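# Chains, contacts and geometry: an overview
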Amino acid sequence: MTDIFLNEKFIGTAEHPKDFVKQFRAERRRGALPLELNFTYDEEMDEILLDSTRGRARRPLIVLEGGKSKLTEKHIEDLKNGEIKWEKLVKEGIIEYIDAAEEENCYIAINDEDVTKEHTHQEIGAIVILGLLTSLTPYANYGPGSKLIKESKMQKQALGLYATNFLLRMNTDVNILHYPQIPITKSFMHDVISFDKHPAGQNIVIAVMSYEGYNMEDAIILNKASVDRGLARSSYFKPFTTEELRYQGGLVDEISIPDKEVKGYKSEKDYRLLEEDGIVYTGAKVKEEDVLIGKISPPRFLGEFEEFSIAANIKRESSVSLNHGENGIVDMTLLTENEEGNRLVQIRLRNQRIPEIGDKFASRHLQKGIVSFLAPVEDIPFSVSGITPDIIFSPHGIPSRMSISHLIEIIAGKVGALSGEYIDGTTFDALPEKDLRKMLKKLGFRENGTEMFYNGITGQEFKAKIYSGNMYYLKLKHMVANKLHARATGKIQLLTRQPIEGRSQGGGLRVGEMEKDCFVAHGASLLLKERFDSDRTTVFICEECGMLAIYDNFKNREYCPKCGSSVKISSVEMSYAFKLLIDELKALCIYPRLLLGRKY
Amino acid sequence: MTTLPEHLQKELEEHFKKFKPNEKQKQEITKRIETLYEDAKIAPGEAIGIITAESFGEPSTQMTISSFHFAGVAEMNVTVGLVRLIEVFDARKKPSTPQMKLPLKAKYSKTSEMVKEVSMKIKETKLGDITEEISINVAKGSIEIILDKKKMRDTDIKLSHILTRLKESFKTLTLKELKDSISLKGKDEIKLSELYKLKEKAKTIHIAGLKGITQVLPIKDDDGYVIHTAGSNIEDALAMEEVDKSKITSNDVFEIAKVLGIEAARKAIINESLKVIKDQGLDIDIRHIIFLADVMTRGGVIKGVTRTGITGEKESVLARASFETPMKHIINATLIGERDDLNSVVENVIINQPVPLGTGLPGLVMKSNKK
């Protein structure tokens, strides 16, 4: 006897579990049972599980009966003509929704030619073995599967139109591509997810060739003329927020132009863009250090100094201003209230991003690269018909990575651009490469996708035929403008006196363990010392006890707190980190003596 | 008078004999070679330690874990790649896959049957391998061993040999030969739990072959048959008549040090690391490997590049503390009042002084003209 459970509740037993499940499935297909109900016979546990709960992942499959698909050509024809609807197929038991548990009882064929009598279901298409993002790559069956996963991670970084109401939103780190396009080489999934409503890339003309060595190591060369005409231009939005906080004692922040009395007043120039309400006007061109929202806060430690000084009562300046290296145009200001009822001011900064050297681009086939050169259009190679590529891509990126799909998309894009049609590049079900070549030949081009090109600089004809075509390229969100960083001197950490970390705070660039090894291996000993001089200090050491001595600035003499001032005290240069180590050892009751020797 | 080392001088003499240059040419050749030799010497203050370390470090980041297997080809599972390299440099006591290569003397490898025979002699046979069953007879309080006749014939082991081995191993028990089994019984009654332990011990009794050799694989190469083994036992392999003693190799560095001495172990470290590097298609200069092997074996025993090995023997407290287990080193240094002379790289980086290498090494001595 096999136990039967409905939504994990025991409801009865069955004598012949297999027949039971089979019979009930037939009933469901007939329409006598709800379509949401799934049956599973778990042979190992010997129990039948009926499930109709919500929240299960279910997927549609074509029902097979006796090795024959219930979905006929006529059905497909009718579907195309709109005579029948998907729901009808589901109701008639031609298409069935199966959940994860019932799938265990199914034997699913992927392609038509795989179907045998034992199969119970068939996939709607082979593409369903891929996920949402991986199925966006056209001709993915022509490339390594492992690349597909990495590649889909990159598509998420592509700039596009993340939301159509982006002008009204205040999101952080937003990039909008200026002229996003629908890919010429589409996948079935592009239609499913309405990719045409939020495209993330542009169709460009690509030539696979080298160019003066500028595109070695995956670098790509952009056509300056294409960039000037708006190729891959994007806007970067960054919000700034502040609120009028309430403090103890009924004190409130005040958003206004601070007057000169305020503690921490910057300079008149920094406040010049503020309007009367203390908020910058929309459309203002702001540069680094400029104040966006003027704000005054009450004194930090209220009451503490009140009786002693008048100065303590002075209000603090707490304006929102741009960091070092930032600039842009004020795009929108927003005045509202937050959950606590405090006045909230938000400002959105806009920044136009024209492609420049160091920006990251990628095709949909893990062929990512950095712009290394914006070549003037007159120097760029041109084809017989006068076409100049937008991007020059290095052929060395192909053999070791085996991304043949990249090459096929070039032909597919070329055919699409020439014939004015979208090309279906759905993985496993795409327009075959053979057909693409035939079409290309018909359109008057060489069927292998190559063309004769002329050197843009000398005008000479290239001996080799250049493989070129159209392709969908993505601008990735990693742009140099957000990453470029250098510093000479700047902020240091309080504890170690070493430079602080991070670009946003103007931190230093670390010479790490391995970089140190590099200096040592070159024998550049003194250069290494200089590089580590950032936390250099001079300390006084008592030669008697080997501990740190004290320098008295008023009396201009040094003395040892333990041995007095009659001992010999010398000044020694060391890193502050080491001084800190000595202090910490002392805190552990360890006595670290410094024994001084003669240097010369 | 030449500054060349002895072996170069000898080599030069040989070439002179071969090509017979005249006296003037001889002088010129010697002079030029001397210059080349002097140029090839490492300059004082060159950071050979770090260069060696980085020469291993950088390529080892490129090592791949994947190894290829071929269907139908007799292969043995061997640790390779970075894992093996770490094993060698850390001086692990036992390699994860010990291996030997035993070339056979031509005399004993005329036919494949002969080779098979030798292979069987090398492979370790335990009692458990040639018995059908070892069981406890609860009623009699004895252990009964039923032998597998076929396997005995295959491995060429006589019953008498098994009996003597059993007698040697179980001196307190009495042996009784039955029709097709052997019975082991104590003089007094043995507890059941004891009996069970004895039964388990009986299974692992060494009957024949070399101890520790779990697998043998004879492979024919250009110079005759070589038996590859899983498991290493150099000492017993050396005692075998059939094996060409001068060509035995093993990947167990510690065993080599024990049996053949530290110089052989040094060579073994070089060979083992070279094998890994070549396998991965990388190229590290042999001198780096030699240098590392020298450092690892210079004390007469093998020391790994670990906190218990050569790194832990650094003179400077700060250098040791900055590697691993800093608290341990600082506490110990405090207890015995250790002194750090700041003679090496790491400690000078810590206190921000020029490291005594390269341009930081020489000091300038000047005679002041007092007047």
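Owing to the predicted nature of the structure, the values given are computational and were not obtained by experimental measurement.

### Focus on the domain arrangement of chain B
- The domain boundaries assigned to chain B delineate domain 1 (6-40), domain 2 (51-67 + 75-97 + 251-313), domain 3 (125-208) and domain 4 (315-357).
- Once you take the C-alpha centre of each, domain 2 of chain B and domain 3 of chain B turn out to be 43 Å apart.

### Brief notes about unusual backbone geometry
Residue and element names in this part refer to chain A.
- Phi is positive for Asp 173, which is not a glycine, with a value near 55°.
- Positive phi, close to 65°, is recorded for Cys 589, a residue that is not glycine.
- Along the polypeptide, Cys 589 turns up in the segment after helix H12 (576-587).

### Regarding the nonpolar core
- By size, the foremost hydrophobic cluster in this structure holds 38 residues, and its most contacted members are B:Leu102 and B:Ile122.
- When residues of this core are traced back to their parent elements, those giving at least two are helix H4 (81-89), strand E1 (99-103), helix H5 (112-122), strand E9 (224-230), helix H9 (234-238), helix H10 (253-260), helix H11 (262-279) and helix H12 (286-297) of chain B.
- For this core, the leading source of residues is H11(B), giving 7 residues.
- A:Val208, A:Ile220, A:Leu231 and A:Ala232 belong to the second-largest nonpolar core, a separate cluster that totals 27 residues.

### As for the interface of chain A and chain B
- With 22 residues of chain A at the contact, the number on the chain B side is 21 residues.
- Where chain A touches chain B, the interface holds 0 salt bridges.
- Taken together, chain A and chain B are joined by 8 residue pairs in polar contact (both at pLDDT 80 or more).
- At the level of elements, helix H10 (513-521), helix H11 (525-531), strand E34 (569-575) and H12 of chain A are the ones that each hand at least two residues to the side of chain A that touches chain B.
- The element that contributes the greatest number of residues to the side of chain A that touches chain B is H10(A), accounting for 5 residues.
- Class assignment of the residues belonging to the side of chain A that touches chain B gives a composition of 13 nonpolar, 3 polar and 6 charged.

### Some remarks on H12(A)
- In this model H12(A) runs 16 Å from its N-terminal to its C-terminal C-alpha over 12 residues, within 8% of the 16 Å that 1.5 Å per residue would give.
- Those residues of H12(A) not exposed but buried are A:Tyr576, A:Phe578, A:Lys579, A:Leu580, A:Ile582 and A:Leu585.
- Its buried side turned inward, H12(A) meets strand E31 (536-542) and E34 of chain A together with helix H13 (317-321), helix H14 (326-336) and helix H15 (345-350) of chain B.
- The positive-phi residue at the C-terminal boundary of H12(A) is A:Cys589, with phi of around 65°.

### Some points on the packing of H11(B) against H12(B)
Residue and element names in this part refer to chain B.
- The contact between H11 and H12 brings their axes to 9 Å, and the two run at 140°. Looking at the two axes, H11 sits oblique to H12. Here the hand of the crossing between H11 and H12 comes out right-handed. Where H11 approaches H12, its residues Ile 262, Arg 266, Ile 269, Ile 270, Ser 273, Leu 274 and Ile 277 are matched on the opposing element by Ile 286, Ile 289, Ile 290, Ala 293, Asp 294, Met 296 and Thr 297.

Quick notes on the rules
- Residues numbered from 1 in each chain as written.
- Chains lettered and ligands numbered in written order.
- Predicted model: local features only at pLDDT ≥ 70, side-chain atom pairs only at ≥ 80, totals over all residues.
- Heavy atoms only, no water.
- Domains from an automatic or database assignment.
- Helix = DSSP H or I, 4+ residues; strand = E, 2+ residues; numbered from the N terminus.
- Core = buried A, V, L, I, M, F, W, Y, C linked by side-chain atoms within 4.5 Å.
- Buried < 20%, exposed > 50% of the residue type's maximum accessible area, 1.4 Å probe, protein only.
- Contact = heavy atoms within 4.5 Å.
- Salt bridge = Lys/Arg side-chain N within 4 Å of Asp/Glu carboxyl O.
- Polar contact = N/O pair within 3.5 Å; in protein donor to acceptor, adjacent residues only side chain to side chain.
- Nonpolar A, V, L, I, M, F, W, Y, C, P; charged D, E, K, R; others polar.
- Expected span 1.5 Å × (residues − 1).
- Axes fitted to C-alpha atoms, helices over the stretch in contact; angles between N-to-C directions.
- Parallel < 35°, antiparallel > 145°, perpendicular 65-115°, else oblique.
- Left-handed = near helix turned anticlockwise from the far one by under 90°.

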